[in-house]
Amino acid sequence: MHRAALGMQALELKFDLVLSSPYLRAKQTAEIVAQVYKIKKKEIHLTDNLLPPATIENLLQEINENFPKSENILLAGHEPHLTEMISCLLKSDGPLVIDFKKGGLCSLTLGQSPNQLIASLNWLLTPTQLGLLSKE
């Protein structure tokens with residue numbers, strides 16, 4: 001995960017907000033990224049909205065209410081829950097077939113239409129691909 005986080009830095013990704021599931025593995029992932037990005041642990045926000053059965057609507061409501069100025073958000077959660085949330089944003093009727101590996105990263109751009117929230121998928125990278133981008 002450390003090499004993947006270095007790859008994220010090599011891509012010059014910036015984060016306004018780091019949200020993590022309160023479960024240990026997700027918190028550890030968020031902490032590794034925070035260490036590479038020199039973000040203090042206390043700046044990682046834990047949320048039950050990254051745990052099943054929370055919906056993407058609940059997560060987005062929490063973000064809009066508590067972090068309205070955040071635009072580039074890193075989410076550390078669990079599979080298959082994250083894929084289900086991504087599927088909802090991409091307007092798939094069922095979970096998309098995504099091989100979202102532990103430590104993988106995807107970039108979505110949210111757009112608002114008058115009555116529904118939609119997103120477009122920018123890219124999806126495996127932890128191996130991220131690691132190859134790192135300068136270590």
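Look up: the structure comes first, before these words.
Let me begin by describing the structure that accompanies this report. In this numbering scheme, every chain counts its residues from 1 along its sequence in written order. Totals for whole chains, interfaces and linings use every residue, but because this is a predicted model, local features are given only for residues with pLDDT of at least 70 and side-chain atom pairs only at 80 or more, for both listing and counting. To obtain the side-chain values, all non-hydrogen atoms of the structure were used and water was disregarded.

### A word on the layout of surface pockets
Picture a little ball the size of a water molecule; that probe, rolled over the atoms, points out where space is still empty.
Moving on, step 1. Grid points spaced at 1 Å and placed over the protein atoms alone form the basis of the search, with a cavity being a set where a 1.4 Å probe fits but cannot get out and a pocket an open set showing protein on both sides within 12 Å along at least five of seven lines. Lining residues have an atom within 4 Å of a point. Grid points are joined across faces, edges and corners, and a volume is the space filled by probe spheres set on the points. Empty space within the largest pocket amounts to approximately 1,400 Å³.
Moving on, step 2. If you go around the largest pocket, you meet 49 residues; those closest to its centre are I73, L74, L75, L105 and C106.
Moving on, step 3. Think of it this way: any DSSP run of H or I at least four residues long counts as a helix, any run of E at least two long counts as a strand, and we number them from the N terminus. Elements that contribute at least two residues to the lining of the largest pocket include exactly α2 (24-37), α3 (56-66), β3 (73-76), α4 (81-89), β4 (105-112) and β5 (117-125).
Moving on, step 4. Per-element tally for the lining of the largest pocket: the top contributor is β4, with eight residues.
Moving on, step 5. Residues are grouped as follows: nonpolar covers Ala, Val, Leu, Ile, Met, Phe, Trp, Tyr, Cys and Pro; charged covers Asp, Glu, Lys and Arg; every other residue, Gly included, is treated as polar. Looking at the lining of the largest pocket, its residues break down into 29 nonpolar, 14 polar and six charged.

### Brief notes about unusual backbone geometry
Both trends apply: most residues other than glycine have a negative phi, and most peptide bonds are in trans.
Moving on, step 1. Of note, the bond from P52 into P53 is cis; its omega dihedral lies within 30 degrees of zero at 5°.
Moving on, step 2. For P53, the location among the structural elements is in the loop between β2 (44-46) and α3.
Moving on, step 3. Note the cis peptide between E79 and P80, where omega equals 5°.
Moving on, step 4. Here P80 shows up in the loop between β3 and α4.
Moving on, step 5. Even without being glycine, E12 reaches a positive phi, approximately 60°.
Moving on, step 6. Tracing the chain through its elements places E12 in the loop between α1 (2-10) and β1 (17-20).

### Let's talk about the side chain of S21
Moving on, step 1. In this fold, S21 is placed in the loop between β1 and α2.
Moving on, step 2. Polar side-chain contacts of S21 include one of 3.0 Å to the backbone nitrogen of Y23.
Moving on, step 3. Should any heavy atoms of two residues lie within 4.5 Å, those residues are counted as being in contact. Residues within four places of S21 in sequence aside, it is in contact with A26, K27, L46, T47, L50, L51, A76, G77 and H78. Any pair of nitrogen or oxygen atoms within 3.5 Å is treated as a polar contact; in protein, a donor-acceptor pairing is required on top of that, and neighbouring residues in sequence qualify only through side-chain atoms on both sides.

### With respect to the nonpolar core
As a rule of thumb, nonpolar side chains are buried together in soluble globular proteins.
Moving on, step 1. Residues grouped as a nonpolar core are buried Ala, Val, Leu, Ile, Met, Phe, Trp, Tyr and Cys residues, joined through side-chain atoms within 4.5 Å. Categorising residues by exposure relies on relative accessible area from a 1.4 Å probe, with only protein chains included: less than 20% of the type maximum marks a residue as buried, more than 50% marks it as exposed, and the intermediate range marks it as partly exposed. Judged by nonpolar contacts, the single largest core of 20 residues is most densely connected at M8, Y37 and L74.
Moving on, step 2. Taken together, the elements giving at least two residues each to this core come down to α1, α2 and β3.
Moving on, step 3. Here this core takes six residues from α2, the largest share from any one element.
Moving on, step 4. Apart from the residues within four sequence positions on either side, L74 is in contact with M8, F15, L17, V18, L19, V33 and L105.
Moving on, step 5. If you look at the next biggest cluster of nonpolar residues, it comprises 15 residues, including I56, L60, F67 and L82.

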